[in-house]
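# Secondary and tertiary structure notes
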Amino acid sequence: MCYQVVERYSVCRCLYYKHAVDPCQAYGQRGHTVQEKTVLVGYACQLHTSHRPDTHPVPGHGVLPDSGYQSGYGG
Ligand SMILES: [Zn+2]
Ligand SMILES: [Zn+2]
């Protein structure tokens, strides 16, 4: 099973950094999936930093659903 470390902000769960896939021997085969390993970083992103009282929703700031999200990245 391949692993891909995905770092997310622990407060708002926005994407912080997506590492390269760590491939196993079966990488690239049909139906092979890459398992995401979520690593939480201990703060919020710039948009969701709490010291900004007037936070407006920004178009284009993608928030991926936490449950059931299976990435096909690199497959
Ligand atoms: Zn693999
Ligand atoms: Zn955020």
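For the structure itself, consult the block above.
Before going into details, it helps to say that this report is about the structure given with it. This one's a predicted model, so the numbers in the text were calculated from it and none came from an experiment.

### Some details on the sheet that holds strand E3 (residues 34-41)
- Pairing in this open sheet of 3 strands is mixed, and the strands run E2-E1-E3 from one edge to the other. The sheet is open, and its two borders are formed by strand E2 (15-22) and E3, each paired with just one other strand. Going across the sheet, the axis of each strand differs from the next one's by a mean of 20°, ignoring polarity.
- In the sheet, strand E1 (residues 2-9) pairs with E3 via 8 bridges, with the strands oriented parallel. Within the sheet, the bridge partner assigned to Arg 8 lies in E3 and is Leu 40.

### A look at the environment of Asp 22
- Position of Asp 22 among the secondary structure elements: in strand E2.
- Among the residues examined, Asp 22 registers a relative accessible area of 51% and is labelled exposed.
- C-alpha of Asp 22 to C-alpha of Tyr 3: the two residues are 19 residues apart in sequence and 5.2 Å apart in space.

### A look at the coordination of the zinc ion (ligand 2)
- Protein ligation of the zinc ion (ligand 2) involves Cys 12 (SG), Cys 14 (SG), Cys 45 (SG) and His 48 (ND1), the donor distances falling in the range 1.9 to 2.3 Å.
- Around the zinc ion (ligand 2) sit 4 donor atoms; with metal-centred angles ranging over 101 to 121°, the donor geometry is tetrahedral.
- Here Cys 45 falls in the buried class, since its relative accessible area comes to 7%.

### Notes on the pairing of E2
- Here E1 pairs with E2 via 5 bridges, running antiparallel. Counterpart to Arg 8 in the pairing with E2 is Leu 15.
- Where E1 hands over to E2, the hairpin turn is made up of 5 residues, of which Arg 13 adopts a positive phi near 65°.

Rules used in this analysis
- Residues numbered from 1 in each chain as written.
- Chains lettered and ligands numbered in written order.
- Predicted model: local features only at pLDDT ≥ 70, side-chain atom pairs only at ≥ 80, totals over all residues.
- Heavy atoms only, no water.
- Pairing = 2+ DSSP bridges.
- Helix = DSSP H or I, 4+ residues; strand = E, 2+ residues; numbered from the N terminus.
- Axes fitted to C-alpha atoms, helices over the stretch in contact; angles between N-to-C directions.
- Buried < 20%, exposed > 50% of the residue type's maximum accessible area, 1.4 Å probe, protein only.
- Donors = N, O, S within 2.8 Å, 3.2 Å for Na, K, Ca; no water.
- Tetrahedral: all angles 85-135°; square planar, octahedral: opposite > 155°, others 65-115°.

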